[in-house]
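Spelled out from the first residue to the last, the chains are:
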Amino acid sequence: MEHFQQVEPFDYVIFGATGDLTMRKLLPALYNRLRLGQIPDDACIIGAARTELSREAYVARAREALERFLPSDVLSPGLVDRFLARLDYVTLDSSRESTQWDSLTSLLAKAQPDRVRVFYFATAPQLYGSICENLHRYGLITPSSRVVLEKPIGTDMATATAINDGVGQYFPEKQIYRIDHYLGKETVQNVLALRFANPLINAAWSAEHIESVQITAAETVGVEGRAAYYDTSGALRDMIQNHLLQVLCLVAMEAPDSLEADAVRNAKLAVLNALRPMTEASVATETVRAQYTAGVVGGENVPGYLEELGTPSATETYAAVRAWVDTPRWKNVPFYIRTAKRSARKVSEIVVTFRPAATTMFGATPASNRLVLRIQPNEGVELRLNVKNPALDVFNLHTADLDTSIRMEGGMPFPDSYERLLLDAVRGDPVLFIRRDEVEAAWRWAEPILDAWKHNKVSMQTYSAGSYGPDQATRLLAEHNDTWHEASE
Ligand SMILES: NC(=O)C1=CN([C@@H]2O[C@H](COP(=O)(O)OP(=O)(O)OC[C@H]3O[C@@H](n4cnc5c(N)ncnc54)[C@H](OP(=O)(O)O)[C@@H]3O)[C@@H](O)[C@H]2O)C=CC1
Ligand SMILES: O=C1O[C@H](COP(=O)(O)O)[C@@H](O)[C@H](O)[C@H]1O
């Protein structure tokens, strides 16, 4: 497949190599790219974590992870062995100075000094600074090194600044890749194609024609095994401050001059900087937070968040915000953003509602055109149009949907977003990664919401697991005579 070109040989060092993310996402993603011919045979993947393991024991864990997290039709024994042959493991407390670093140093010393080296931090973000300090101390940072930082980059502006400063002391910004896996999703990138390669859509992409925008990321799962992390985070920090604001940026930004990383990031930053600042008063009218109670999801009874946790908690599992982008293009257009755990359906989508036709010729006002960009599942684009109702002699309108699936060649499922991003770091292409100023601008906007919530300026609502969310979220749109688009509509 010519679009999956092989990357140059590399060493990928994954800190946090025994963790959930590495096993569930990173190793399967790298395997898939080897399977597609993108990973050269002399590439090395080195796992690092504190757990004492021999190389063989780590390889056995990795094999188990591939078998568990990949569909059997992509696993062939020959390819799995070829992938596992690329793996190595070092036992290392990466936050401390010790002779344990010698093993990593000697594995890396086997390669040419100018070979691409990627350090992937799949550990708690509090460790990022000390890992960098040690990489520097042991002379492991080369000019062709990159560091990939997992989210969350902090829990507020102060902690984000501390993390960015800690890493920035040892790596220049151009070597830092802050990952946001939503940007690795094909259909999120498609926002750019749809907007800027289709004059028909581009011409209508402003307040003159658009009434509102909705961005939803809803999940049927609860907090799974991640309650310890999630309860310190909540829906706003976990999904909105990063993934959904990034999606909003792509929807709202002005056309970048090119697809070069800084052109795209500057255009996104301009949107983040144009978000109307939240105040204590506006948080009260523009946001909703809620926790799920027991309910039924996919036919199964599931407990409520507090029961799952076993302790009281003021952490939201649902958040909805009405945001405003104060630029001429988006004057008075509400952007509704929402995310939920234990929702009725798993769906991520962007819904653009256009202003209705200003005509009286059909009697009633025609329905608004609506463009739905389905990010997942069932990736595609749907456009609601008004057409004549053929069943009637009189000229009545009804709506019809143009619905296009976006598929890979041969109907293959889309690659997991980590696949593309992991190799973009090897290629040295940061366009789908977040720049420091974007992270900070996103925190600047999100922090007043978190503060007001912390001080109970907005009461915590509840919603039953398996529902679409709390009534207050419905009211947020009803104030503007709007309704949430539910995927089944
Ligand atoms: N899991 C997920 O789906 C997602 C995770 N993330 C982020 O990725 C990061 C990792 O998450 P996750 O895998 O779930 O977490 P886990 O707790 O499952 O894994 C943490 C990993 O870090 C290692 N570790 C901890 N301390 C040290 C240390 N001092 N030196 C070296 N290794 C260490 C642990 O191994 P050991 O104990 O052997 O040292 C383990 O391999 C977090 O920042 C998380 O927020 C982001 C998006 C999704
Ligand atoms: O980053 C995160 O994303 C997932 C949802 O990702 P998706 O690709 O399945 O939409 C979410 O479950 C998790 O809580 C969050 O940390």
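These numbers were taken from a predicted model, which means no experiment stands behind them. (Residues numbered from 1 in each chain as written. Chains lettered and ligands numbered in written order. Predicted model: local features only at pLDDT ≥ 70, side-chain atom pairs only at ≥ 80, totals over all residues. Heavy atoms only, no water.)

**Quick look at the sheet that holds strand β2 (residues 44-49)**
Strand order in this open sheet of seven strands is β3-β2-β1-β4-β5-β6-β17, and the pairing throughout is mixed. Two strands in the sheet have a free side with no partner beyond their single neighbour: β3 (87-91) and β17 (433-434). (Pairing = 2+ DSSP bridges. Helix = DSSP H or I, 4+ residues; strand = E, 2+ residues; numbered from the N terminus.)

**Let's talk about the packing of helix α7 (residues 186-196) against helix α10 (residues 235-252)**
One way to put it is that α7 packs onto α10 with a least axis distance of 9 Å and a crossing angle of 10°. With respect to α10, the element α7 is oriented roughly parallel. For the pair α7 and α10, the contacting residues are Val188, Val191, Leu192 and Arg195 in the first and Val247, Leu250, Val251 and Ala252 in the second. (Axes fitted to C-alpha atoms, helices over the stretch in contact; angles between N-to-C directions. Parallel < 35°, antiparallel > 145°, perpendicular 65-115°, else oblique. Contact = heavy atoms within 4.5 Å.)

**Section: the pairing of strand β15 (residues 380-388)**
The side chains of a regular strand alternate, first on one face of the sheet and then on the other. By the bridge criterion, five bridges tie strand β14 (residues 370-376) to β15 in an arrangement that is antiparallel. In the sheet register, arginine 370 faces β15, and the bridge partner there is arginine 384. Between the end of β14 and the start of β15, which pair antiparallel, lie three residues, with asparagine 378 showing a positive phi angle near 55°. In the sheet, β15 pairs with strand β16 (residues 397-405) via nine bridges, with the strands oriented antiparallel. Within β16, the residue paired with lysine 388 across the bridge is leucine 397.

**Describing the UniProt feature "active site" (unreviewed entry) in the protein chain**
Following the UniProt record, one finds the feature "active site" (unreviewed entry) at His243. Following the sequence through the fold, histidine 243 ends up in helix α10. On the basis of relative accessible area, histidine 243 is assigned to the buried category, the value being 1%. Beyond its immediate sequence surroundings of up to four residues, histidine 243 is in contact with Lys151, Asp180, His181, Tyr182 and Asp238. Here aspartate 180 takes part through its side chain, which lies 2.7 Å from a polar atom of the side chain of histidine 243. (UniProt positions renumbered as here; feature names shortened; annotations may be inferred. Buried < 20%, exposed > 50% of the residue type's maximum accessible area, 1.4 Å probe, protein only. Polar contact = N/O pair within 3.5 Å; in protein donor to acceptor, adjacent residues only side chain to side chain.)

**Comments concerning the site of ligand 2**
Near ligand 2 the following residues occur: Lys151, His181, Tyr182, Lys185, Glu219, Arg226, Asp238, Met239, His243, Lys341, Lys346 and Gln376. Here an oxygen atom of ligand 2 sits 2.6 Å away from a polar atom, N or O, in the side chain of lysine 346. Looking at the shell around ligand 2 element by element, the count peaks at three residues for α10. Taken together, the residues of the shell around ligand 2 break down into two nonpolar, three polar and seven charged. (Near = heavy atom within 4 Å. Nonpolar A, V, L, I, M, F, W, Y, C, P; charged D, E, K, R; others polar.)

**Focus: the site of ligand 1**
Of all residues adjacent to ligand 1, which total 23 residues, the nearest are Thr18, Asp20, Arg24, Arg50 and Thr51. In this structure, an oxygen atom belonging to ligand 1 sits 3.2 Å away from a main-chain N or O atom of glycine 16. For ligand 1, whose free accessible area comes to 880 Å², the fraction covered by protein is 79%. When residues in the shell around ligand 1 are grouped by element, the largest group, three residues, is from helix α1 (residues 20-35). Along the lines of polarity and charge, the residues of the shell around ligand 1 split into nine nonpolar, seven polar and seven charged. (Areas by Shrake-Rupley, 256 points an atom, 1.4 Å probe, with all protein chains shown as cover.)

**Points about the environment of serine 76**
Summarising the element assignment, serine 76 is placed in the loop between α2 (55-69) and α3 (77-84). Along the backbone, serine 76 and valine 431 are 355 residues apart, and their C-alpha atoms lie at a distance of 33 Å.

**Points about the packing of aromatic side chains**
Overall, the coordinates contain 18 aromatic pairs when judged by the stated rule. With centroids separated by 6.4 Å and ring planes inclined at 75°, the aromatic side chains of tyrosine 230 and tyrosine 305 adopt a geometry described as edge-to-face. Taken together, the positions of tyrosine 230 in helix α9 (residues 227-230) and tyrosine 305 in helix α13 (residues 305-309) put the pair 75 residues apart, joining distant regions of the chain. Grouping residues by exposure puts tyrosine 230 and tyrosine 305 together as buried. Each ring, one from tryptophan 330 and one from phenylalanine 335, has its centre 5.2 Å from the other, and the planes form 80°; the classification is edge-to-face. Given the relative accessible area of 0%, tryptophan 330 is considered buried. (Phe/Tyr/Trp six-rings, centres within 6.5 Å; stacked < 30°, edge-to-face > 60°.)

**Focus: helix α16 (residues 471-478)**
Of all the positions in α16, only Ala473, Leu476 and Leu477 are classed as buried. Considered in projection along α16, the buried side chains sweep an arc of 90° and stay on one side of the axis. Among the structural elements, β7 (210-218), α12 (280-286), β8 (287-293), β11 (318-324) and β12 (334-340) are those in contact with the buried residues of α16. (Arc of directions from axis to C-beta.)

**Quick look at the sheet that holds β11**
Spatial strand order, β16-β15-β14-β13-β7-β12-β11-β8-β18: nine strands in an open sheet with mixed pairing. Two strands in the sheet have a free side with no partner beyond their single neighbour: β16 and β18 (460-464). Strand-to-strand twist across the sheet, computed as the mean angle between neighbouring axes with direction ignored, equals 20°.

**A look at unusual backbone geometry**
A cis amide bond links lysine 151 to the next residue, proline 152, at an omega of 0°. Checked against the element boundaries, proline 152 lands in the loop between β5 (145-149) and α6 (157-168). Here the residue pair glutamine 376 and proline 377 is connected by a cis peptide bond, since its omega of -15° sits within 30 degrees of zero. Positionally, proline 377 belongs in the loop between β14 and β15.

**Some details on the nonpolar core**
Nonpolar side chains in soluble globular proteins tend to end up buried together. If you look at the biggest cluster of nonpolar residues, it comprises 154 residues, and the most contacted ones within it are Tyr12, Phe15, Tyr120 and Trp445. If you tally residues by element for this core, the top one is α10, at 12 residues. The contact partners of tyrosine 12, leaving out residues within four places of it in the chain, are Cys44, Ile45, Ile46, Val118, Tyr120, Val148, Leu422, Ala425 and Val426. (Core = buried A, V, L, I, M, F, W, Y, C linked by side-chain atoms within 4.5 Å.)

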